[in-house]
Structure formats: C-alpha cells, structure tokens
Amino acid sequence: GTRILLAAGNYGGGFYFAKLRGAKDRPIVIAAADPKAPPVFSDAKVAMHLSAPAFVELHGLTFTNLSVNGLNIDDGGEADGAREVTLRGLRVSKVASRGNDDGLKLSGLTGFRVEECVIEAWGTGGGSGNFVVFSSLSPSLLSPYRGRCH
C-alpha cells in the first residue's frame, strides 16, 4: 500500500479526500514521519474529511483550533462506503466551543479502530452523550472514558 509520511509543521486544514481506497493487505497510511514532532492540521472549519474511504490508516497526527469538526469520516451516502479505517495515536483538541461540533465524527463506518487517541475540548451540544458521534453503531461500542479513546 501507499505510505505517506508527513514532516512536522502546520498544514492548515480543509483537506477533503473522496474514495481514498487501499486494499486489505495494502492499506493507505498517512502518518507522522516523527511521532515526537507530529504534523498539525489547524485553523479551519474541518481539518480533514475522508468520504467513503476503505483500508485507510491515520497515525500520529494532531488536529486543533478548528471551528466545526476535527476529523470527519463518513460513508459518502453509500452503503458500505466507509470501511476498515484505523485511527492511531491522534490528538484532537480545541474544536469549536458550542453546538454539535465534534472532535472526531464517524458516520456510517464499518470495521474501524480508534487506538491511543486523545480527544478533548470540543462543542457542547450533539449526539452520543456529546462524546463522539458514531452513526449506525451500538452504544456499547463507545469508549467509557470521556475524552480519551482506547
């Protein structure tokens, strides 16, 4: 699969990727080149939006100072449109301050993992107990730790 390593620095925001598709044994990985000096996505409405991705992994990225959502991943309106996404070691903070604004918004995903992520300081209204918005999932899949995903 394709592996994109990002150097430290501020990359801004507003990145949109539709139908980013890896394969089961060859995922597309977007990761920090140096996890101790992560790339930062900030100062936008949304840092990054992945629509209908499959076999995609994000590792060691930081999303902060955003006015609507930090990271938005959805199915693009297609059945089974978003699947097999792994989020590992992400830090999401300072996402809006009011309303239904999410640090991490996942809608219509199947087969995903959220590991060792810190999600803090996001909007005050919205779904799923104002933790993270997960659509089409059982509430039993939500982490019991407010602001931290394991």
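Residues numbered from 1 in each chain as written. Predicted model: local features only at pLDDT ≥ 70, side-chain atom pairs only at ≥ 80, totals over all residues. Heavy atoms only, no water.

A. The side chain of Ser-93, seen in detail. Structurally, Ser-93 can be placed in strand β9 (residues 91–95). Overall, Ser-93 belongs to the buried group, its relative accessible area being 11%. Separated by 3.1 Å, the side chains of Ser-93 and Thr-64 make a polar contact. (Helix = DSSP H or I, 4+ residues; strand = E, 2+ residues; numbered from the N terminus. Buried < 20%, exposed > 50% of the residue type's maximum accessible area, 1.4 Å probe, protein only. Polar contact = N/O pair within 3.5 Å; in protein donor to acceptor, adjacent residues only side chain to side chain.)

B. Region of the structure containing the pairing of strand β7 (residues 62–74). Taking burial as the measure, the 13 residues of β7 include 10 buried ones, the bulk of the element. Relative to β7, strand β5 (residues 39–51) runs parallel, the two being bridged by nine bridges. Looking across to β7, one finds that Ser-51 is bridged to Asp-74. Examined bridge by bridge, β7 and β9 share four bridges and lie parallel to one another. Pairing of Phe-63 across the sheet is with Val-92, part of β9. (Pairing = 2+ DSSP bridges.)

C. Geometry of the packing of aromatic side chains. In the structure shown here, the tally under the stated rule is four aromatic pairs. A ring pair is formed by Phe-15 and Phe-17, whose centres lie 6.5 Å apart and whose planes are at 5°; its orientation type is stacked. These aromatic residues form a ring-pair network of at least three members: Tyr-11, Phe-15, Phe-17, Phe-41 and Phe-63. (Phe/Tyr/Trp six-rings, centres within 6.5 Å; stacked < 30°, edge-to-face > 60°.)

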